[in-house]
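# Summary of structural features
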Amino acid sequence: MKKEWNKYDLASVILTGVNVVLGIVMYFILDNEIAIQWQGTVPTSIVSKNYIFLFPLIAVLFFVSGKSILRYVSYKWFKDVKQILIDYLNMFVQIIFITCQLYITLYAFGLRITVEGIFIIEIVIGSVFGMKLRKK
């Protein structure tokens, strides 16, 4: 049986690919130490730049197994969830991974935003992506 991909699956592939490419490129650009955890806009955890591969790795793992996890959880909680919602949630989680990756990178270059600001940006991006892809 051939798997049919929809718009949300394609967006997930693109977001995961961008996340991986961004991680590889930033590995060569960033300093030897990067911040990965903050309290407000002050870093609380500074680690080796090897951690720049953390979110691309998680994104790839979630891309491979995320739909199964989402399907299992949604069935346990709601018993009946449409596949398109699972595809959208998979894409939305990829948006969260890439925004985390981007913030680590942009923080190293001087951008300072609180975690609440990042959450708002993620929700707006996820909503806009969802509405745009749904209309096409």
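Look a little higher up for the structure.
Predicted model only: the values in this text are computed from it and were never measured. (Residues numbered from 1 in each chain as written. Predicted model: local features only at pLDDT ≥ 70, side-chain atom pairs only at ≥ 80, totals over all residues. Heavy atoms only, no water.)

Right, let's get into the packing of helix α2 (residues 54-78) against helix α3 (residues 83-108). Put simply, α2 and α3 touch, their axes get as near as 9 Å, and they point 155° apart. Classified by the angle their axes make, α2 and α3 are roughly antiparallel. As α2 runs across α3, the sense of the crossing is right-handed. The segment α2 lies against α3, with Phe55, Pro56, Ile58, Ala59, Phe62, Phe63, Gly66, Lys67, Leu70, Arg71 and Ser74 engaging Gln83, Ile86, Asp87, Leu89, Asn90, Val93, Gln94, Phe97, Cys100, Gln101 and Ile104. (Axes fitted to C-alpha atoms, helices over the stretch in contact; angles between N-to-C directions. Helix = DSSP H or I, 4+ residues; strand = E, 2+ residues; numbered from the N terminus. Parallel < 35°, antiparallel > 145°, perpendicular 65-115°, else oblique. Left-handed = near helix turned anticlockwise from the far one by under 90°. Contact = heavy atoms within 4.5 Å.)

Let us look at the pattern of salt bridges. If you walk through the whole model with that rule in mind, you get two salt bridges. Ionic pairing is found between Asp9 and Lys67, a salt bridge with its closest N-O pair at 2.4 Å. Of this pair, Asp9 sits in helix α1 (residues 7-29) while Lys67 sits in helix α2, placing them 58 residues apart in sequence. Of the two residues, Asp9 and Lys67, both sit in the buried class. For the salt bridge of Lys67 with Asp87, the shortest nitrogen-to-oxygen distance reads 2.7 Å. Pair noted here: Lys67 is in helix α2 and Asp87 is in helix α3, with a separation of 20 residues, a long-range link. Here Lys67 and Asp87 have matching classes, each one buried. (Salt bridge = Lys/Arg side-chain N within 4 Å of Asp/Glu carboxyl O. Buried < 20%, exposed > 50% of the residue type's maximum accessible area, 1.4 Å probe, protein only.)

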